[in-house]
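# Residue-level structural notes
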Amino acid sequence: EEEGEEEGEQPSGGVLHASAAVANAGSSAQTICVAFSLSPPGGGRLLAAASTAAVSVPPGGRATVSLALSVAEPEVWSAASPHLYTVHAAVMQSGCASSSSSSSSASAS
(Lines give C-alpha, C1' and ligand atoms only; values in the text may rest on other atoms or scores of the structure.)
Protein backbone atom coordinates (compact mmCIF):
# COMPACT_ATOMS: atom_id res chain seq x y z
CA GLU A 1 0.00 0.00 0.00
CA GLU A 2 1.44 3.35 -1.05
CA GLU A 3 1.76 6.23 1.36
CA GLY A 4 -1.32 8.44 1.21
CA GLU A 5 -3.57 5.73 -0.24
CA GLU A 6 -6.19 4.05 1.87
CA GLU A 7 -7.28 0.45 1.47
CA GLY A 8 -9.76 0.10 -1.42
CA GLU A 9 -8.75 3.44 -2.95
CA GLN A 10 -8.05 3.47 -6.70
CA PRO A 11 -4.39 3.99 -7.71
CA SER A 12 -3.61 7.35 -9.33
CA GLY A 13 -1.72 5.82 -12.26
CA GLY A 14 -0.28 2.65 -13.70
CA VAL A 15 2.01 1.29 -16.39
CA LEU A 16 1.22 -1.34 -19.01
CA HIS A 17 4.27 -3.20 -20.31
CA ALA A 18 3.47 -4.43 -23.84
CA SER A 19 5.58 -6.54 -26.21
CA ALA A 20 5.13 -8.20 -29.58
CA ALA A 21 7.14 -10.79 -31.50
CA VAL A 22 7.29 -10.16 -35.26
CA ALA A 23 8.53 -12.61 -37.91
CA ASN A 24 9.81 -11.72 -41.38
CA ALA A 25 9.00 -14.54 -43.82
CA GLY A 26 10.34 -12.49 -46.75
CA SER A 27 13.69 -12.65 -48.50
CA SER A 28 14.81 -9.11 -47.60
CA ALA A 29 15.18 -7.19 -44.37
CA GLN A 30 12.13 -5.14 -43.31
CA THR A 31 12.03 -2.04 -41.13
CA ILE A 32 8.95 -2.09 -38.91
CA CYS A 33 7.49 -0.63 -35.76
CA VAL A 34 4.54 -1.72 -33.65
CA ALA A 35 1.81 0.67 -32.49
CA PHE A 36 0.09 -0.30 -29.25
CA SER A 37 -3.15 1.19 -27.95
CA LEU A 38 -5.16 0.56 -24.79
CA SER A 39 -8.97 0.80 -24.55
CA PRO A 40 -10.98 0.82 -21.32
CA PRO A 41 -13.36 -1.93 -20.21
CA GLY A 42 -16.46 -1.76 -22.42
CA GLY A 43 -14.73 0.29 -25.12
CA GLY A 44 -14.68 4.03 -25.46
CA ARG A 45 -11.87 6.51 -26.00
CA LEU A 46 -8.27 5.35 -26.02
CA LEU A 47 -6.53 5.53 -22.67
CA ALA A 48 -3.00 5.34 -24.06
CA ALA A 49 -1.21 4.85 -27.36
CA ALA A 50 2.43 4.72 -28.46
CA SER A 51 4.67 3.25 -31.15
CA THR A 52 7.97 1.47 -30.78
CA ALA A 53 11.08 2.81 -32.45
CA ALA A 54 11.80 1.43 -35.93
CA VAL A 55 13.61 -1.90 -35.92
CA SER A 56 15.08 -3.90 -38.80
CA VAL A 57 13.96 -7.54 -39.02
CA PRO A 58 16.36 -9.73 -41.04
CA PRO A 59 15.06 -12.03 -43.80
CA GLY A 60 13.72 -15.21 -42.20
CA GLY A 61 14.30 -13.61 -38.80
CA ARG A 62 12.30 -12.40 -35.84
CA ALA A 63 12.23 -9.32 -33.64
CA THR A 64 10.65 -8.65 -30.29
CA VAL A 65 9.66 -5.08 -29.54
CA SER A 66 8.33 -3.70 -26.28
CA LEU A 67 7.33 -0.47 -24.61
CA ALA A 68 5.62 0.91 -21.55
CA LEU A 69 2.30 2.79 -21.72
CA SER A 70 1.33 5.10 -18.86
CA VAL A 71 -2.29 4.76 -17.76
CA ALA A 72 -3.88 7.51 -15.68
CA GLU A 73 -6.39 6.31 -13.08
CA PRO A 74 -6.64 2.60 -14.02
CA GLU A 75 -9.56 0.59 -12.69
CA VAL A 76 -8.36 -2.10 -10.31
CA TRP A 77 -9.24 -5.68 -11.25
CA SER A 78 -10.86 -8.02 -8.74
CA ALA A 79 -12.95 -11.19 -8.96
CA ALA A 80 -16.01 -9.19 -7.91
CA SER A 81 -15.33 -6.43 -10.45
CA PRO A 82 -13.15 -7.69 -13.32
CA HIS A 83 -12.10 -4.63 -15.35
CA LEU A 84 -10.76 -6.09 -18.61
CA TYR A 85 -8.86 -3.66 -20.82
CA THR A 86 -8.22 -4.27 -24.53
CA VAL A 87 -4.75 -3.90 -26.03
CA HIS A 88 -4.41 -3.53 -29.79
CA ALA A 89 -1.12 -3.97 -31.65
CA ALA A 90 -0.51 -3.01 -35.29
CA VAL A 91 2.68 -3.73 -37.22
CA MET A 92 3.64 -0.89 -39.57
CA GLN A 93 6.29 -0.66 -42.27
CA SER A 94 6.07 3.12 -42.58
CA GLY A 95 5.08 6.02 -40.39
CA CYS A 96 7.12 4.81 -37.43
CA ALA A 97 7.56 7.35 -34.65
CA SER A 98 10.26 7.09 -32.01
CA SER A 99 9.32 6.17 -28.47
CA SER A 100 11.87 6.71 -25.71
CA SER A 101 10.44 3.86 -23.63
CA SER A 102 10.68 1.15 -26.30
CA SER A 103 13.18 -1.66 -26.72
CA SER A 104 13.78 -4.31 -29.36
CA SER A 105 15.86 -7.34 -30.22
CA ALA A 106 16.21 -9.05 -33.59
CA SER A 107 17.59 -12.42 -34.59
CA ALA A 108 17.85 -14.65 -37.65
CA SER A 109 16.42 -18.15 -37.32
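Residues numbered from 1 in each chain as written. Predicted model: local features only at pLDDT ≥ 70, side-chain atom pairs only at ≥ 80, totals over all residues. Heavy atoms only, no water.

All right, on to the environment of Gly 43 then. Positionally, Gly 43 belongs in the loop between β2 (30–39) and β3 (48–51). As a C-alpha pair, Gly 43 and Thr 86 span 43 residues in sequence and 8.0 Å in three-dimensional space. (Helix = DSSP H or I, 4+ residues; strand = E, 2+ residues; numbered from the N terminus.)

Looking now at the side chain of Ser 37. Assignment of secondary structure puts Ser 37 in strand β2. Dropping the residues within four chain positions of it, Ser 37 is found in contact with Leu 46, Ala 48, Ala 49, Thr 86, Val 87 and His 88. (Contact = heavy atoms within 4.5 Å.)

Confidence along the protein averages 81 in pLDDT terms, with 77% of residues attaining 70 or more. Per-element confidence in the protein is highest for strand β4 (residues 55–57), whose mean pLDDT is 94, and lowest for strand β7 (residues 103–108), whose mean pLDDT is 49. Here residues 1–5 is modelled with pLDDT under 50, and outside its nearest four sequence neighbours on either side it reaches 5 contacts, counting other chains as well. Below a pLDDT of 50 lies the segment residues 98–104, which in the model reaches 19 contacts outside its immediate sequence neighbourhood of four places, other chains included. (pLDDT = per-residue confidence, 0-100.)

Bringing the nonpolar core into the picture now. The biggest cluster of nonpolar side chains holds 15 residues, and the ones touching the most others in it are Ala 20, Ile 32, Val 34, Phe 36, Val 65 and Leu 69. Put simply, the parts of the chain that give this core at least two residues each are β1 (13–23), β2, β4 and β5 (61–72). Examining the composition of this core, we find that 5 residues originate from one element, β5, more than from any other. Sequence-distant contacts of Ala 20, that is, excluding residues within four places in its chain, are made with Val 34, Phe 36, Ala 63, Thr 64 and Val 65. (Core = buried A, V, L, I, M, F, W, Y, C linked by side-chain atoms within 4.5 Å. Buried < 20%, exposed > 50% of the residue type's maximum accessible area, 1.4 Å probe, protein only.)

The phi dihedral of Glu 73 falls on the positive side, at around 50°, and the residue is not glycine. Looking at the element boundaries, Glu 73 is found in the loop between β5 and β6 (86–92). Overall, the relative accessible area of 65% leaves Glu 73 in the exposed class.

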